[in-house]
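Descriptive structure summary
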Amino acid sequence: MDNDRIRRYEQAAELLPPRLRRLALELPDARKERVEELRLRVRQPMTALTREGELSVAPADREALVTADDLERMIAGVTEYSRYASAETLRQGFLTVRGGFRLGVCGTAVMREGAVCGLKDFSSLALRIVCERIGIAADVVPRLCDPTGRLQSTLILSPPGGGKTTLLRDLIRCLSLGSGERRALRVAVVDERGELAASCQGRAQTELGGHTDVLDGCPKAIGITMLLRAMSPQVIAVDEIATREDIAAMCAAANCGVSLLATIHARGTEELARKPLWRELLAAGVFSRAVIVGAGEDGRTYTVEELPCIDGSAQP
Amino acid sequence: MHRWLGAALILCGGLLARASLLESGRRAQRLRQALSAAFEAMAAEIGELLTPVPALLRRYGHGEAERLLAPVSAALSRGVPLREAWEQASAALPIGEGERRTVASLGARLDSEAESAASALRLTASALRRSYERNETGRREKERLITSLCITISLFLTILLA
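Residues numbered from 1 in each chain as written. Chains lettered and ligands numbered in written order. Predicted model: local features only at pLDDT ≥ 70, side-chain atom pairs only at ≥ 80, totals over all residues. Heavy atoms only, no water.

Considerations on empty space enclosed by the protein
Residues and elements named next belong to chain A. One pass over the full model with this rule turns up two cavities of 30 Å³ or more. In this model, the largest cavity occupies a volume close to 40 Å³. What lines the largest cavity is Val 190, Asp 191, Glu 192, Arg 193, Glu 195, Leu 196, Lys 220 and Asp 239. Its residues placed into classes, the lining of the largest cavity shows two nonpolar, no polar and six charged. Approximately 30 Å³ is the volume found for the second largest cavity. Taken together, Glu 132, Arg 133, Ile 134, Thr 166, Arg 169, Asp 170, Arg 173 and Glu 207 make up the lining of the second largest cavity. (1 Å grid on protein atoms, 1.4 Å probe; cavity = no way out; pocket = protein on both sides within 12 Å on 5 of 7 lines; lining within 4 Å. Points joined across faces, edges and corners; volume = space filled by probe spheres on them. Nonpolar A, V, L, I, M, F, W, Y, C, P; charged D, E, K, R; others polar.)

What follows is the structure, given as structure tokens:
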């Protein structure tokens, strides 16, 4: 029994409105430890997302159905009755919650001048139980460093929900702490969506090591430039690069001699080479290693590959 | 002898009643001033730093403003919703009924966008400041009235007793 996961589940359940909290806590421990997300949808019973799929946490009778008021109360609670303080992330559809959790939010988008400026009439919430796996990167780090101990810029690849962010978080921690054979590095993190450090009022709620600087809630392309100027990092880590601006900022950082760590939604290096934007990234030659996160019988597997440098102008 | 002692006690009671009435008026004024300043500072901090409500309550919940902000903060930590906590704490404030209603309505407007929350705070601060100034203008006259009423009543009772 994974007591740590059960404890995290129970901490997450504390964020639910009292009626739903009671139902969530009634779940047997064997199921609690497998829950990755709790999902609340108006007029539906609360469900728990596990690797096997969504399981119902509550009976389907009328009293156990989630109401719009439940969602409002939960959002008011997790934002500490200060919706203005979370407006920027709420606009993007999520909230970072005290305790290192993350709440995905769905509802009606409020549009202003063609852009989403907020969400109202909430219809669904997904409470993600951020899991820290301390030590999973210990065997991976030596394979990413060159003989002088310098980190090779590395991409972490897996499909969504595959464990990229969990690995990245522990890589940051390992690099920042150093070890007997390897000195500690200054790692700077641009945590645009608050998933790596899960910072709450300036404090990282996950273990990222003693030499890590976190820039929270800042777009990656801007944040990388800010960190380069302000913190003189040896490594910059970002989660889920997705735009041409992100790639440009990473190239600029690489030109300054900084090693990079980043995650991308892709099953493997072949998929990278097929997508135009990632072809540009490979063509830039910024990253030389890839860690492919796979699902084995006993948990995740981490395969380190060398990234090819390709011709970005050629069609796949 | 007893009659004179009773008369003296009545006189003292009158003076004490005067002091108490004057003090309650002054306390209400201090509260208006403190809440107005706290709300202004909270609005500024929301506008500049987006500081969450619990942190604001802790930061500005001292002095006379503690009468409102400390009970709200304590209720929030017990899990009471902000609106309910704010209304309950406002109901106990020693100010006018209209002012209490104005302050109480603020609780429902803080959990919103920054502009809206800050503007609600500023409006309430401005209402309290106006009320403070109004009361301050007539304060001397009101104090004189209370003094003369208390002394007159106690002297009247003293004369009756003596």
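Following the structure, the description resumes.
Description of the sheet that holds strand β10 (residues 235-238) of chain A
All names here are of chain A. Judged by pairing direction, the sheet is mixed, and its seven strands sit side by side in the order β9-β8-β10-β11-β7-β12-β13 without closing on themselves. Of all the strands in the sheet, the pair left with one neighbour each is β9 (212-216) and β13 (299-306). The average undirected angle you get between the axes of adjacent strands in this sheet is 20 degrees. Its contacts with the sheet place helix α8 (residues 220-231) against β8 (187-191), β9 and β10, and it is angled at close to 150 degrees to β8. (Pairing = 2+ DSSP bridges. Helix = DSSP H or I, 4+ residues; strand = E, 2+ residues; numbered from the N terminus. Axes fitted to C-alpha atoms, helices over the stretch in contact; angles between N-to-C directions. Contact = heavy atoms within 4.5 Å.)

Notes on helix α4 (residues 68-78) of chain A
In an α-helix there are 3.6 residues to a turn, and that puts residues three or four apart on one side. Within the sequence span of α4 of chain A, burial applies to Asp 70, Leu 71, Met 74, Ile 75, Ala 76 and Val 78 of chain A. Just downstream of α4 of chain A, Glu 80 of chain A is the residue with a positive phi angle, here 55 degrees. (Buried < 20%, exposed > 50% of the residue type's maximum accessible area, 1.4 Å probe, protein only.)

Considerations on the packing of aromatic side chains
Here a ring pair, both rings aromatic, is described through the centre-centre distance and the interplanar angle of the planes. Across all of its chains, the model carries one aromatic pair over all chains by this definition. In this arrangement the basic side chain of Arg 102 of chain A is found over the ring face of Phe 94 of chain A, its NZ or CZ atom lying 4.2 Å from the centre. (Phe/Tyr/Trp six-rings, centres within 6.5 Å; stacked < 30°, edge-to-face > 60°. Lys NZ or Arg CZ within 6 Å of the ring centre and 35° of its normal.)

Topic: the sheet that holds strand β6 (residues 115-128) of chain A
Residues and elements named next belong to chain A. Read across the open sheet, the six strands follow the order β3-β2-β1-β6-β5-β4; overall the sheet is antiparallel. Every interior strand has two partners, whereas the edge strands, β3 (53-56) and β4 (94-97), have only one. Ignoring which end each strand starts from, the neighbouring axes of this sheet average 40 degrees apart. Note that β4 and strand β5 (residues 101-112) share four bridges and pair antiparallel. By the bridge assignment for β5, Val 97 is matched with Phe 101. The strands touched by α4 within the sheet are β1 (37-41), β4, β5 and β6, with β6 carrying the most contacts at an inclination of about 100 degrees.

Here's the deal with the state of the cysteines
Residues and elements named next belong to chain A. With the rule as written, the count across this model stands at zero disulfides over all chains. The closest cysteine sulfur to the non-disulfide-bonded Cys 117 is located on Cys 106, 16 Å from its own sulfur. Note on Cys 218: no disulfide assigned, nearest cysteine sulfur contributed by Cys 256 at a separation of 17 Å. The buried category is assigned to Cys 218, whose relative accessible area is 11%. (Disulfide = S-S within 2.5 Å.)

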